[in-house]
Amino acid sequence: MKIKLFSVLFILGVFIYGFTGNDQPNRPSKDVIEQGKKVFNYVCAPCHGKDGKGDGVVSSTIFVKPRNFTTGVYKFRSTESGNLPTDSDLYESISLGFHNTAMPSFTNLSPEDRFAVMEYIKTFSERFSNPNEYPLKIIEPANQIPLSPESVAKGREIYLRMKCWECHGVSGKGDGPAAKYGFKDDWGNKILIPDLTNPNEVKRATTVEEIYLVFTTGLNGSPMPSYKEVLTDEERWHLANYIYALIHGIALYDGKTIEQLKTP
Ligand code: HEC
Ligand code: HEC
């Protein structure tokens, strides 16, 4: 009985560690991969393709193309630019989906199915089994600066100084001079600059922390760069507050309106 309890705790420990750690996660069992494959072929393959190349039958009908998983390049992560995503990052993407794209939220799948399909999509790229990719460099947002008119004004100054406007436009509407020429992502698909004054055009970044992560990690595979090395942590929080105010339509320098938003 004691041995049984011990082994249950041990397996649970390995599971939790493998799931959250930044070291190379433990290889999942064959059963998990088989379960993940079943879910994938049934639910995800119509978009992402049976071989994970992003070429499922639905892909030709949608503008934002499904991800090709074979390159192991992911946009929404908690890791530094160029790094693989963590298991939790992938699990979160599967659970939340992406606004303004065909990728839905999959909370209708059980946590076990989401976990299994997450493990299965990793098998499409050799990067996940290459020990040189680990440990992942995780970005842990800390020391967040509260939203205030002063912080938003500082953020606006950083937005102009860092030339975010070249792509996103001076007003954030996605009409910067560079946007005119059109961009392609790493997979050769056309990519649009979102209107940051319209919450419906933003794929993920709606909270201050999510916004902070987008320009700290950079969206690998897209023209959206990482500013981790060129801005201090404090500057990045001011910038995140400014973008938050833009996205949520807060009158930017009107302290009263910002105050109101803090207490919904
Ligand atoms: C109706 C089409 C569709 C279905 C079904 C679909 N996806 Fe997606 N998925 C997309 C699109 C489109 C994107 C690209 C989003 C982008 O690049 O902004 C995407 C992107 C992703 C990403 C990449 C996120 C990143 O950070 O780069 C993951 C992971 C993902 N899908 C997993 C899945 C899994 C697992 C399933 C099945 C449970 C699934 N998708 C089903 C359309 C779909
Ligand atoms: C070279 C052009 C370029 C520059 C410069 C740039 N961006 Fe972006 N940005 C993009 C593109 C393209 C996307 C859309 C990526 C996608 O949807 O896959 C994007 C997306 C975003 C998003 C939305 C993410 C989401 O969840 O949909 C935010 C927020 C953002 N950028 C903020 C910034 C900030 C702040 C700066 C300056 C510090 C900046 N960007 C500089 C091209 C750029």
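For the structure, check the block above.
What this report covers is the structure whose coordinates are included nearby. (Residues numbered from 1 in each chain as written. Chains lettered and ligands numbered in written order. Predicted model: local features only at pLDDT ≥ 70, side-chain atom pairs only at ≥ 80, totals over all residues. Heavy atoms only, no water.)

### A short note on the site of ligand 1
What counts, and what does not: Note on terminology: near, applied to a residue and a molecule or strand, indicates that one of the residue's heavy atoms is within 4 Å of it. By the criterion applied in these results, polar contacts are pairs of N or O atoms within 3.5 Å in which, for protein atoms, one can donate a hydrogen and the other can accept it, and in which residues neighboring in sequence qualify only through two side-chain atoms. Lining residues are those with an atom within 4 Å of a point, where the points come from a 1 Å grid over the protein atoms alone and group into cavities, where a 1.4 Å probe fits but cannot get out, or pockets, open sets with protein on both sides within 12 Å along at least five of seven lines. Here the criterion for a molecule occupying a pocket or cavity is that more than half of its atoms lie within 2 Å of the pocket grid points. Each helix is a run of H or I in the DSSP string that is no shorter than four residues. Each strand is a run of E no shorter than two, and both are numbered from the N terminus. Residue polarity follows a fixed list, in which Ala, Val, Leu, Ile, Met, Phe, Trp, Tyr, Cys and Pro are nonpolar, Asp, Glu, Lys and Arg are charged, and the others, Gly among them, are polar.
Taken together, 22 residues sit near ligand 1, with C44, C47, H48, K75 and M103 positioned nearest. Between ligand 1 and the protein, one listed contact pairs an oxygen atom with a backbone N or O atom of F76 at 2.9 Å. In a pocket analysis with a 2 Å cut-off to the grid points, ligand 1 is assigned to the second largest pocket. Residue contributions to the shell around ligand 1 peak at 4 residues, all from helix α2 (residues 30-48). Among the residues making up the shell around ligand 1, the classes are represented as 17 nonpolar, 1 polar and 4 charged.

### Concerning empty space enclosed by the protein
Cut-off, in case you're wondering: Grid points are joined across faces, edges and corners, and a volume is the space filled by probe spheres set on the points.
Evaluation of the coordinates by the stated rule reveals 1 cavity of 30 Å³ or more. Computed from the structure, the largest cavity encloses a volume of approximately 40 Å³. Lining the largest cavity are 10 residues, with P25, T86, D87, Y134 and L136 sitting closest to its centre. Looking at the lining of the largest cavity, its residues break down into 5 nonpolar, 2 polar and 3 charged.

### As for the coordination of the iron atom of ligand 2
Operational definition: Water is not among the atoms examined, so metal sites may look incomplete; donors are the N, O and S atoms within 2.8 Å of the metal, or within 3.2 Å for Na, K and Ca. Between 85 and 135 degrees for all angles marks four donors as tetrahedral; over 155 degrees for opposite donors together with 65 to 115 for all other angles marks four donors as square planar and six as octahedral; every other arrangement is irregular. Buried, partly exposed and exposed residues are distinguished by accessible area as a fraction of the type maximum, computed with a 1.4 Å probe on protein chains only: under 20%, between the cut-offs, and over 50%, respectively.
At the metal site, the iron atom of ligand 2 is ligated by H168 (NE2) and M224 (SD), and these contacts range over 2.0 to 2.1 Å. Taken together, the 6 donor atoms coordinating the iron atom of ligand 2 span angles of 88 to 179 degrees at the metal, a pattern that classifies the geometry as octahedral. Taken together, the positions of H168 in helix α6 (residues 165-168) and M224 in the loop between α7 (208-217) and α8 (233-247) put the pair 56 residues apart, joining distant regions of the chain. For H168, a relative accessible area of 12% translates into the label buried.

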